[in-house]
Amino acid sequence: MNHKEDQLRFRLRNFIRHVFKDDFPVFLICLIIAVIMWVAVKLSRGSTYTVEYAVEYTHLPEGKAIASVSAPVVLLDMELTGAELVRQKFFSSRTALIISIKDLPIRKSDTLDVVQLATTPMIREIERQLDVINAVSRISPDTVYIGLIPRQDESN
């Protein structure tokens, strides 16, 4: 059995020497082609990716300032192909999403005025900001509560 192990090691060593000595350029070219084909196949498949974005709220009612936000960030479930996924993950800027609260109803309370923002109807606007088409499948949380207080003038 020891002789068989030695013989197997010898054959393996000779095979490796042969491949890396005589056929190394061919081996390297085939390896590069295989890696390129593997990457192309992986990038052609679609997958769901969850990404976190900060949110900036604009168009506040006159004389109001934001006191509290139930969700300062949103999670987007995006269905992207590999190439789009790589572009979104590595090459697109991660600036905050800009969401307008203009014309939303305000619910008055003792200390805060509260704006209730449903995020699902905003999917197309968010896709426009991210420069993707029909990619966002879900936004979490589905409702954001924004507490507003009277703006304090800095001159007082």
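Above this text you will find the structure in question.
Residues numbered from 1 in each chain as written. Predicted model: local features only at pLDDT ≥ 70, side-chain atom pairs only at ≥ 80, totals over all residues. Heavy atoms only, no water.

Caption draft 1: Region of interest: the sheet that holds strand E6 (residues 113-118). Sheet architecture is open: four strands sit in the order E2-E8-E6-E5, paired in antiparallel fashion. At either margin of the open sheet sits one strand with a lone partner, and together these are strand E2 (64-69) and strand E5 (106-108). Between one strand axis and the next, the sheet turns through 35° on average, direction left out of account. Relative to strand E8 (residues 143-150), E6 runs antiparallel, the two being bridged by six bridges. (Pairing = 2+ DSSP bridges. Helix = DSSP H or I, 4+ residues; strand = E, 2+ residues; numbered from the N terminus. Axes fitted to C-alpha atoms, helices over the stretch in contact; angles between N-to-C directions.)

Caption draft 2: Geometry of helix H4 (residues 123-130). Burial in H4 covers these residues: Ile123, Ile126, Glu127 and Leu130. All buried residues of H4 fall inside an arc of 100° around its axis, so they share one side. Exposed side chains of H4 directed beyond 90 degrees from the buried face belong to Arg124 and Arg128. Where H4 ends, the next residue or the one after it, Asp131, has phi of about 60°, a positive value. (Buried < 20%, exposed > 50% of the residue type's maximum accessible area, 1.4 Å probe, protein only. Arc of directions from axis to C-beta.)

Caption draft 3: The pattern of salt bridges, seen in detail. This structure, assessed with the given rule, holds six salt bridges. Asp6 is the partner of Arg9 in a salt bridge, and the nearest nitrogen-oxygen pair spans 3.9 Å. With Arg9 and Asp6 both in helix H1 (residues 2-21) and three residues apart, the pair spans about one turn of that helix. Judged by its relative accessible area of 40%, Asp6 falls in the partly exposed class. Put simply, Asp77 and Arg138 hold a salt bridge, and the shortest N to O gap is 3.1 Å. Residue Asp77 is found in strand E3 (residues 73-81), and its partner Arg138 is found in strand E7 (residues 136-140); the two are separated by 61 residues along the sequence. For Arg138, a relative accessible area of 46% gives the class partly exposed. (Salt bridge = Lys/Arg side-chain N within 4 Å of Asp/Glu carboxyl O.)

Caption draft 4: Highlighting unusual backbone geometry. Between Ser140 and Pro141 the backbone carries a cis peptide bond, its omega angle lying at 0°. Tracing the sequence through the fold places Pro141 in the loop between E7 and E8. A positive phi angle is found at His59, which is not glycine, with a value near 55°.

Taken by themselves, the reported measurements are silent on function.
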